[in-house]
Amino acid sequence: MVMKVTVYIDVLICVNLIINYFILSLSFKYVKCATTKLALLRGAMVGAVLSLVILLPELPAVLAVPLKFAVGAVVVFSASLRRPPKVFVRLCGVFLLITFAMCGVVYFLCSTIFSQILYINNGVVYFDISPFVLIALTTVCYIFIYIVEKISQKRLPESFYCKVGFEIYGKNFELFGKLDSGNTLKEPFSQKPVIIIAKNAIDASIIENAEKSKVRMIPFKTLSGAGMLQGVRIENLTLDGRPVPIEVYIAISTNDISPSGADALISCELAEYLNG
């Protein structure tokens, strides 16, 4: 006798949104790729929508397995976008490994400790849970992510520092930089990332004496207020000797930028080039 299972779309999407966000967060931390909460949420939402394949007729394993890998790749791509192929493949591998491991844990819990209905189809797991369990699941996931963040910060502080080399109008510079997840500044027209330079790290006259057409006003906002920084596009950017093939700007800060002594705060969008 075949048991009929009622799949509630709201429960399916909510649970998969939470779990995908949790898995993506762990995947990026394991690969040591900086990202933003918005990017993780975007990937999780894509994964939640793709979980609707559970409603399709059951596919044979020869199709269901490739479908699972394809869905995983789409979710990771949605959260990471412009990543070098090597980093993207690593992210996909870690994401899928954690996903399969979590599926096993969920299956065990639902079949032994909890008594929720468990349904698996086309590589997607659905289990009917109460609002209380959903809230508890969310809380546990965020507590776990918080603990992992604290442990990672204590054990791997050196992974966020590197040498920053670049060229401006024929002059070469090499600074001590720090990857800053809080630096999300972008040049407003091109939407290219911005590296913030300490006020005494380079001669500010380089920007002040530049052609007006090449100077960009870059808006910023902090807890203490908002304002504008002058910025220019740089050439031949390298991070620990690795070339960065995209257009990047620098802006010179009017204040001290880092208590750690770094001369440059690297945009979180450039983290992928530290993992290459």
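Residues numbered from 1 in each chain as written. Predicted model: local features only at pLDDT ≥ 70, side-chain atom pairs only at ≥ 80, totals over all residues. Heavy atoms only, no water.

Enquirer: Outline unusual backbone geometry, listing residues and values.
Expert: Phi is positive for Gln191, which is not a glycine, with a value near 60°. Within the secondary structure layout, Gln191 lies in the loop between strand S4 (171-180) and strand S5 (194-197). Although it is not a glycine, Asp240 adopts a positive phi angle of roughly 55°. As for its placement among the helices and strands, Asp240 is situated in the loop between strand S7 (225-239) and strand S8 (242-243). (Helix = DSSP H or I, 4+ residues; strand = E, 2+ residues; numbered from the N terminus.)

Enquirer: Give a description of the pairing of strand S10 (residues 264-267) that names residues and reports values.
Expert: With four bridges connecting them, S4 and S10 associate as parallel partners. Across the sheet, Asp180 pairs through a bridge with Ser267, a residue of S10. Pairing between S5 and S10: two bridges, direction antiparallel. Each residue of the ladder has a partner; that of Ile196, found in S10, is Leu265. (Pairing = 2+ DSSP bridges.)

Enquirer: Explain the environment of Phe95 to me, using residue names and the numbers behind them.
Expert: Among the structural elements, Phe95 can be located in helix H4 (residues 85-113). In contact with Phe95, not counting residues within four places along its chain, are Asn20, Ile23, Leu24, Ser27, Gly72, Val75 and Val76. (Contact = heavy atoms within 4.5 Å.)

Enquirer: Quick one: what's the story with the side chain of Ser27, residue by residue and with numbers?
Expert: Along the chain, Ser27 falls in helix H1 (residues 9-31). Not counting chain neighbours up to four residues away, the residues in contact with Ser27 comprise Leu91, Val94, Phe95 and Ile98.

Enquirer: Run through the pattern of salt bridges, naming residues and quoting values.
Expert: Here the structure, examined in full by the defined rule, presents two salt bridges. As a salt-bridge pair, Arg216 and Glu187 come within 3.6 Å of each other at their nearest N and O atoms. Of this pair, Arg216 sits in strand S6 (residues 216-222) while Glu187 sits in the loop between S4 and S5, and the two are 29 residues apart along the sequence. (Salt bridge = Lys/Arg side-chain N within 4 Å of Asp/Glu carboxyl O.)

Enquirer: Explain the nonpolar core to me, and be specific about the residues and the numbers.
Expert: Within the largest apolar cluster, 27 residues are counted, with the highest numbers of intra-cluster contacts made by Phe166 and Leu237. Of all the secondary structure elements, the ones that give two or more residues to this core are strand S3 (161-168), S4, S5, helix H6 (205-208), S7, strand S9 (248-252) and S10. Excluding its chain neighbours within four sequence positions, the residues that come into contact with Leu237 are Val164, Gly165, Phe166, Ile195, Arg242, Pro243, Val244, Val248 and Leu270. (Core = buried A, V, L, I, M, F, W, Y, C linked by side-chain atoms within 4.5 Å. Buried < 20%, exposed > 50% of the residue type's maximum accessible area, 1.4 Å probe, protein only.)

Enquirer: Describe a nonpolar patch on the surface, and please don't skip the residues or the numbers.
Expert: Side chains of Ile9, Val49, Leu52 and Leu55 sit close together on the surface and give an oily, nonpolar patch of about 320 Å² of accessible area. Leu55 gets classed as partly exposed once you look at its relative accessible area, which sits at 49%. (Patch = residues over 30% accessible without salt bridge, like charges linked within 9 Å, V, L, I, M, F, W, Y side chains within 5 Å. Areas by Shrake-Rupley, 256 points an atom, 1.4 Å probe, with all protein chains shown as cover.)

Enquirer: Can you explain the pairing of S9? Please cite residues and give values.
Expert: Successive side chains on a regular strand alternate, one facing one side of the sheet and the next facing the other. With respect to burial, S9 is a largely interior element, five of its five residues being buried. Residues of S9 alternate between two faces, with Val248, Ile250 and Ile252 on one and Tyr249 and Ala251 on the opposite face, all of them buried. For S7 and S9, the ladder comprises four bridges, and the chain directions are antiparallel. When the sheet's bridge partners are listed, Ile234 is paired in S9 with Val248.

Enquirer: Can you break down the packing of aromatic side chains residue by residue, with the values?
Expert: If you walk through the whole model with that rule in mind, you get two aromatic pairs. Arranged with centres 6.3 Å apart and planes meeting at 85°, the rings of Phe77 and Phe88 form a pair that is edge-to-face. Taken together, the residues span a long stretch of sequence, with Phe77 in helix H3 (residues 61-80) and Phe88 in helix H4 at a distance of eleven residues. For Phe88, a relative accessible area of 22% puts it in the partly exposed group. (Phe/Tyr/Trp six-rings, centres within 6.5 Å; stacked < 30°, edge-to-face > 60°.)

Enquirer: An account of the packing of helix H2 (residues 37-50) against H3 is requested, with residue identities and associated values reported.
Expert: Where H2 meets H3, the axes come as close as 7 Å, and the angle between the chain directions of the two elements is 155°. When the axes of H2 and H3 are compared, the pair comes out roughly antiparallel. As H2 runs across H3, the sense of the crossing is right-handed. From H2, Ala39, Arg42, Gly43, Val46, Gly47 and Leu50 reach across to H3, where they touch Val71, Val74, Val75, Ser78 and Ala79. (Axes fitted to C-alpha atoms, helices over the stretch in contact; angles between N-to-C directions. Parallel < 35°, antiparallel > 145°, perpendicular 65-115°, else oblique. Left-handed = near helix turned anticlockwise from the far one by under 90°.)

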